[in-house]
2 protein chains.
Amino acid sequence: MVIYLNGRFCDAEAPAIRADDRGFTLGDGLFETMRAADGKVLRRDWHLERLRDGAAVLGLTGLPPEGELSDALAATLAENGLADAVLRMTVSRGAAARGLLPPEDISPTVVIAAAPPPPSLPPAIAITATSACRDEASPLSRCKTLNYLPNILARREAEAAGANEALLLNTKGRIAEAAIANLFIVDSGDVVATPPVSEGALPGTMRRAVLEAMACIERALTIEDLATAAEAFLSNSLGIRPLVSLDGKPIGTGEPGPVTKRLQKEFG
Amino acid sequence: MVIYLNGRFCDAEAPAIRADDRGFTLGDGLFETMRAADGKVLRRDWHLERLRDGAAVLGLTGLPPEGELSDALAATLAENGLADAVLRMTVSRGAAARGLLPPEDISPTVVIAAAPPPPSLPPAIAITATSACRDEASPLSRCKTLNYLPNILARREAEAAGANEALLLNTKGRIAEAAIANLFIVDSGDVVATPPVSEGALPGTMRRAVLEAMACIERALTIEDLATAAEAFLSNSLGIRPLVSLDGKPIGTGEPGPVTKRLQKEFG
């Protein structure tokens, strides 16, 4: 495989990044994970929009224009001979001497990697993470940043508990999202709901697609809401995933529900 | 300059890190910034102890033994012809395919970079950061991780306000630390105090040195405590720095105080 790196392609397994790149030294950057099908990057413009919004929050300047990034995504698929793929675009602020304030003349690092689409995941069996929470008041909670340790810790905590996903709470103790996905519930009155971004939910692209595709409300969700839900599911750029259990207790029937199955048919 | 990279030395400006290194893709790692003087790494064993503690929290395995890391620090100074320096050791979990759970056979990336010691910073003029907070309940708040975006945002917020440092609050609204340092106050009764680690303060090595060097208590600190303090100072591995102003108001006399000056003589 080859990766795109600032306008050229290089071996994915060769050293590509300087050790003083702020992506490596400080997690100073953003990423997008995208699904490509039949050579087309799904919801590409939403991904690039979120990337641009995140760059504004970080004050990360010098990104190539969106047309150039779109072309780079297509070229990365082509160079790797992939039509169906998962693409990851990583953007860091670039290489710099030590210190938190980036220099004026810094230039971002843009990497795009492609891989065959992963097998679909089994239904999610989640725990409520205790090792990490989402700071819903921080503008960073609205960005897909390279600071992924809270999610990694939560995911490891799930693994240790025999589960395969973790829900992260916000500072008020309400549910913000899962470690690698947004959360939706279907309540006993068939109302579909997901936490608003103000609760610490990442503005996911698949979350946006679901919100556009069906009647769905955004409201704060508690563990109690999930415990009494008829069904629940998770969404990320790779698809829809049933959430069938939390902290050892089944959600609804403990099986993927009808709304979830319908969305899986539509979005994968 | 040359950097140490997993047992060898290479050009600091050449690509050294794979683009799929989890340090670059997820901020999945730790670092230590150390001061070297006369060829000796100050408080080296405390830095290596904190690194080991952080690795335990992250479940980051496969680190070289401490003797090897110590030798690598010394060799990095020697290779660069430096006796007085600032050293940065970065440890990431290593390269891996996408996904939050690291594979079993992953091997960490260890980088050490050296630079001449920076000029001492002017007295700190701080703001209270609103763009980021410290999650004092997370085990990550006790680790020096690569997830530095909250601190970067806080530092940028300070810059935009005409200040040069930022204080980060914890989820209870009390002071945890500064963006690049720990906080100490000297109250009107000459009692020196610093927030305990349970308040979200990083267990800094210079903080530890100050706690060992003088009578000092660990207690929760509020903005009000700082507003009424006789003096305040910041500590990090590079030294002691007076904190003379917060949110536009002088702290104490608005000049470096006697306790601060005494510690600066001892610790730089």
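Quick caveat, the model's predicted, so the values are computed rather than measured.

K.L.:
Teacher, can you tell me more about the overall build of chain A here?
P.N.:
A count of helical and extended segments in chain A gives 7 helices and 16 strands. Taken against the 2.2 N^0.38 rule, which gives 18 Å for 268 residues, the C-alpha radius of gyration of chain A at 19 Å falls within 12% of a compact globule. Over its C-alpha atoms, taken along the principal directions, chain A stretches across nearly 55 × 40 × 35 Å. Scored against the burial criterion, the 268 residues of chain A give a buried share of 56%. Taking all contacts inside chain A whose residues are at least 6 apart in sequence as the whole, residues at least 24 apart take part in 68%. Looking at chain A as shown, the accessible area adds up to about 10,700 Å², and 52% of this sits on carbon and sulfur atoms. Side-chain charges of chain A comprise 27 positive and 34 negative groups, with the mean position of each set lying 1 Å from the other.

K.L.:
I tried to follow the interface of chain A and chain B on my own but got confused; where do I start?
P.N.:
For an interface, size is often stated in terms of accessible area lost upon the parts coming together. Listed per partner, the contact involves 58 residues of chain A and 58 residues of chain B. Between chain A and chain B the total buried area reaches about 4,500 Å² when both faces are included, carbon and sulfur atoms providing 69% of it. One can count 0 salt bridges joining chain A with chain B. Counting across the interface, chain A meets chain B through 17 residue pairs in polar contact (both at pLDDT 80 or more). The set of elements that each furnish at least two residues to the side of chain A that touches chain B consists of β3 (15-18), α1 (22-26), β4 (29-37), α2 (44-58), β6 (85-92), β7 (109-115), β8 (124-134) and α4 (149-160) of chain A. Counting residues per element, the side of chain A that touches chain B draws most heavily on α4 of chain A, which supplies 8 residues.

K.L.:
Just checking my understanding: could you explain the sheet that holds strand β6 (residues 85-92) of chain B for this structure?
P.N.:
The pairing of strands in a sheet happens through backbone hydrogen bonds and is either parallel or antiparallel. Residues and elements named next belong to chain B. As summarised here, the arrangement of the 6 strands in space is β2-β1-β7-β6-β4-β5, forming an open sheet in which the pairing is antiparallel. The strands lining the two open edges of the sheet, one partner per strand, are β2 (8-11) and β5 (40-41). In the sheet, β6 pairs with strand β7 (residues 109-115) via 7 bridges, with the strands oriented antiparallel. Along β7, the bridge assignment pairs threonine 90 with valine 111. Together, β4 (29-37), β5 and β6 form the strand contacts of helix α2 (residues 44-58), whose direction differs from that of β4 by roughly 180°. Running over the sheet, helix α3 (residues 66-79) touches β1 (2-5), β2, β4, β5, β6 and β7 and is turned about 40° from β7.

K.L.:
What exactly am I supposed to notice about the relation of the copies chain A and chain B here?
P.N.:
In summary, the two copies of the chain are related to each other by a rotation about an axis coupled with a shift along it. Under the fitted operation, chain A is carried onto chain B by 0.0 Å of movement along the axis and a turn of 180°, and the coordinates agree to an RMSD of 0.0 Å. What the rotation and shift describe, once combined, is the action of a two-fold rotation axis. When the interface residues of chain A are mapped onto chain B, 100% of them again fall at the interface, so both copies present the same face.

K.L.:
Can you help me understand the packing of helix α5 (residues 205-213) of chain A against helix α7 (residues 258-267) of chain A in this one?
P.N.:
Relative orientation and spacing of two packed helices are given, respectively, by the angle between their axes and the distance between those axes. Residue and element names in this part refer to chain A. Relative to each other, α5 and α7 sit at 110°, their axes nearing to 12 Å. Looking at the two axes, α5 sits roughly perpendicular to α7. As α5 packs across α7, the resulting crossing turns out to be right-handed. Of the residues in α7, those touching α5 at Met206, Ala209, Val210 and Ala213 are Leu263, Glu266 and Phe267.

K.L.:
What's the story with the packing of aromatic side chains in this structure? I'm lost.
P.N.:
Each pair of aromatic rings is reported with the distance of its centres and the angle of its planes. Residue and element names in this part refer to chain A. Here the structure, examined in full by the defined rule, presents 6 aromatic pairs over all chains. Summarising the aromatic geometry, the rings of phenylalanine 31 and tyrosine 148 are spaced 5.2 Å apart at their centres and angled 70° between planes, so their arrangement reads as edge-to-face. Taken together, the residues span a long stretch of sequence, with phenylalanine 31 in strand β4 and tyrosine 148 in the loop between β8 and α4 at a distance of 117 residues. Across this residue pair, the class does not change: phenylalanine 31 and tyrosine 148 are buried. The residue whose ring lies beneath arginine 88 is phenylalanine 31, and the NZ or CZ to ring-centre distance is 3.8 Å.

Rules of the game
- Residues numbered from 1 in each chain as written.
- Chains lettered and ligands numbered in written order.
- Predicted model: local features only at pLDDT ≥ 70, side-chain atom pairs only at ≥ 80, totals over all residues.
- Heavy atoms only, no water.
- Helix = DSSP H or I, 4+ residues; strand = E, 2+ residues; numbered from the N terminus.
- Rg over C-alpha atoms; globule rule 2.2 N^0.38 Å.
- Buried < 20%, exposed > 50% of the residue type's maximum accessible area, 1.4 Å probe, protein only.
- Contact = heavy atoms within 4.5 Å.
- Areas by Shrake-Rupley, 256 points an atom, 1.4 Å probe, with all protein chains shown as cover.
- Lys, Arg positive; Asp, Glu negative; His and termini not counted.
- Charge placed at Lys NZ, Arg CZ, Asp CG, Glu CD.
- Buried area = accessible area lost by both parts, 1.4 Å probe.
- Salt bridge = Lys/Arg side-chain N within 4 Å of Asp/Glu carboxyl O.
- Polar contact = N/O pair within 3.5 Å; in protein donor to acceptor, adjacent residues only side chain to side chain.
- Pairing = 2+ DSSP bridges.
- Axes fitted to C-alpha atoms, helices over the stretch in contact; angles between N-to-C directions.
- Least-squares fit on C-alpha atoms with pLDDT ≥ 70 in both.
- Parallel < 35°, antiparallel > 145°, perpendicular 65-115°, else oblique.
- Left-handed = near helix turned anticlockwise from the far one by under 90°.
- Phe/Tyr/Trp six-rings, centres within 6.5 Å; stacked < 30°, edge-to-face > 60°.
- Lys NZ or Arg CZ within 6 Å of the ring centre and 35° of its normal.

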